[in-house]
Amino acid sequence: MENEFDSLTEAVRKGQRDKAKEIASRLLESENPADILNAILTAMAQIGVRFKAGEVFVPEVLVAARAMNSVLEVLEPVLVKSGLQPKHCVVIGTVFGDLHDIGKNLVAMMLRGANFKVVDLGVNVSADKFLSAAREHNADIVALSALLTTTMPSMKNIVDVFKKSGIQAKIIVGGAPVTQDFADKIGANGYSKDAASAADLCKRLVA
Ligand code: B1M
């Protein structure tokens with residue numbers, strides 16, 4: 001069966017949605033769901049490494065994530081039953097005034113690929129909406145994306161609102177104009193420059 005797991009990893013990495021789902025369904029008949037989950041997480045981790053190295057680009061990541069999602073459709077009910085559902089929750093969104101969501105969606109996909117529960121609030125999200133979602137879902141991390149220099153100040157506002165609220169969730173920021181220096185200045189708990197690094201950062205923050 002070891003080869004079947006490798007084939008599953010390869011099918012997800014290559015974005016072969018139907019093949020990945022078919023292998024996963026077959027494996028589910030006899031194998032531990034945790035091992036099947038591991039095979040798809042390995043695929044997403046491999047894609048993340050290649051994406052960071054500039055060996056693959058946004059379309060490859062998107063098709064791999066689609067294949068991952070199709071496997072999760074069959075795997076999720078079994079994982080929930082066996083208590084292997086994600087332990088940590090990330091609330092993510094693009095900040096108020098900003099409608100760019102391609103990068104934010106990639107971050108969400110990589111986080112799902114790293115076995116986080118992801119609550120995606122979409123675009124143009126106000127501080128209040130982040131706050132109530134963090135409360136409702138007991139979020140470990142709140143992830144803010146901004147693509148416009150004019151919407152970066154919203155990130156500082158959100159960090160301030162969270163600090164005042166006393167909510168313990170860690171806040172991370174990212175997006176093309178955002179830097180580590182900016183993250184430090186506004187008091188965020190972390191910054192990452194791309195989607196794969198964001199998943200690594202979140203793993204470190206909840207470790
Ligand atoms: Co707009 N836009 N746009 N745009 N747009 C930019 C961002 C811009 C740089 C183009 C330019 O002038 N060269 C410029 C911003 C300039 C600035 O502020 N310095 C700009 C502008 C000005 C505008 C408008 C104001 C244009 C206008 O109407 N006059 C307007 C604003 C609308 C609004 O938001 N209120 C606008 C609108 C749009 C579209 C709607 C047409 C469309 C967005 C569609 C969508 O997202 N659904 C759009 C697009 C597509 C772009 C460009 C061309 C591409 C952005 C993108 O998706 N990149 C962009 C130019 C560019 O970047 N070359 C541009 C691909 C994506 C994968 O990368 O989002 O950077 P990115 O995400 C990366 C990392 O940044 C990181 O991970 C991702 C993947 O690794 N990352 C995170 C992102 N979020 C993260 C969060 C994290 C961690 C990492 O932790 C939480």
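Numbering of residues starts from 1 in every chain and runs along the sequence as written. Where totals are concerned, whole chains, interfaces and linings use all residues; where local detail is concerned, this predicted model gives features only for residues with pLDDT of at least 70, and gives and counts side-chain atom pairs only at 80 or more. Side-chain figures throughout are based on the complete set of non-hydrogen atoms in the structure, without hydrogens or water.

Draft legend 1. Layout of the coordination of the cobalt atom of the ligand. Here the term donor refers to an N, O or S atom within 2.8 Å of the metal (or 3.2 Å for Na, K and Ca), and because water is left out of the atoms, sites may appear incomplete. Donor atoms from the protein around the cobalt atom of the ligand number only one, H100 (NE2), found at 2.2 Å. Helix and strand definitions here come from DSSP, where helices need a minimum of 4 consecutive H or I residues and strands a minimum of 2 consecutive E residues; each element is numbered from the N-terminal end. Mapped onto the elements, H100 comes out in the loop between β1 (89–94) and α5 (102–113).

Draft legend 2. Here's a closer look at the nonpolar core. Grouped together as the largest cluster of nonpolar side chains are 47 residues, with contacts concentrated most on L8, V12, I40, V71 and L111. Of all the secondary structure elements, the ones that give two or more residues to this core are α1 (2–13), α2 (17–28), α3 (33–52), α4 (58–81), β1, α5, β3 (141–145) and α9 (195–206). Domain limits in this description derive from either an automatic procedure or a database domain assignment. Taken domain by domain, the makeup of this core includes at least three residues from each of domain 1 (2–82) and domain 2 (89–206). Residues enter a nonpolar core if they are buried and are Ala, Val, Leu, Ile, Met, Phe, Trp, Tyr or Cys, with the set joined through side-chain atoms within 4.5 Å. Buried means the residue's accessible area, taken with a 1.4 Å probe over protein chains only, is under 20% of the maximum for its type, while exposed means over 50%, and partly exposed covers the values in between.

Draft legend 3. Spotlight on the sheet that holds β3. Each pair of strands is called paired provided DSSP finds at least two bridges between the two strands. Reading across from one edge, β2-β1-β3-β4-β5 is the order of the 5 strands in this open sheet, with parallel pairing throughout. Each end of this open sheet is capped by a strand with a single partner; those strands are β2 (117–120) and β5 (190–191). The pairing of β1 with β2 spans 4 bridges and is classified as parallel. If you follow I92 over to β2, its bridge partner there is D120. When checking whether two residues touch, look at their non-hydrogen atoms; a contact exists if any pair is within 4.5 Å. Between the N-to-C directions of two axes lies an angle of 0 to 180 degrees, each axis being a line fitted to C-alpha atoms and, for a helix, fitted only over the stretch in contact. Running at roughly 160° to β2, α5 makes contact with β1, β2 and β3 of the sheet. Set on the sheet, helix α7 (residues 152–165) makes contact with β3 and β4 (170–174); between it and β4 the angle comes to about 175°.

Draft legend 4. Quick look at the side chain of S145. When you line up the elements, S145 lands in strand β3. Taking the relative accessible area as the measure of exposure, S145 reaches 9% and is therefore buried. Look past the residues within four positions of S145 in its chain and what remains in contact with it is G93, T94, V95, K104, M155 and G174.

Draft legend 5. Fine view of the pattern of salt bridges. Think of a salt bridge as a Lys or Arg side-chain nitrogen and an Asp or Glu carboxyl oxygen that are within 4 Å of each other. Here the structure, examined in full by the defined rule, presents 10 salt bridges. Between K52 and D200 there is a salt bridge; the shortest N-O distance is 2.9 Å. With a gap of 148 residues between them, K52 in helix α3 and D200 in helix α9 connect regions that are remote in the sequence. Take D200: its relative accessible area is 27%, and that puts it in the partly exposed class. Across the salt bridge formed by D181 and K185, the nearest N and O atoms sit 3.0 Å from each other. Placement of the pair is D181 and K185 together in helix α8 (residues 180–186), with a separation of 4 residues, close to one helical turn. Taking the relative accessible area as the measure of exposure, D181 reaches 46% and is therefore partly exposed. We classify K185 as exposed; its relative accessible area is 65%. One salt-bridge network, held together by shared partners, links E4, E22 and R26.

Draft legend 6. Expanded view of the site of the ligand. Proximity is defined per residue: if any heavy atom of the residue lies within 4 Å of a molecule or strand, that residue is considered near it. L99, H100, D101, S145 and T149 are the nearest of the 27 residues found near the ligand. Interatomic distance of 3.1 Å between a backbone N/O atom of A176 and an oxygen atom of the ligand. Contributions of two or more residues to the shell around the ligand are made by α5, β3, β4 and α9. It is α5 that provides the largest number of residues to the shell around the ligand, a total of 4 residues. Between N or O atoms, a polar contact is any pair within 3.5 Å; within protein, one atom must be a potential hydrogen donor and the other a potential acceptor, and residues adjacent in sequence are included only when both atoms are from side chains.

Draft legend 7. Summary view of unusual backbone geometry. With phi around 65°, N115 is a residue other than glycine that occupies positive phi space. Looking at the element boundaries, N115 is found in the loop between α5 and β2. Backbone geometry at N124 places phi at a positive 60°, although glycine is not the residue there. Along the chain, N124 turns up in the loop between β2 and α6 (127–137).

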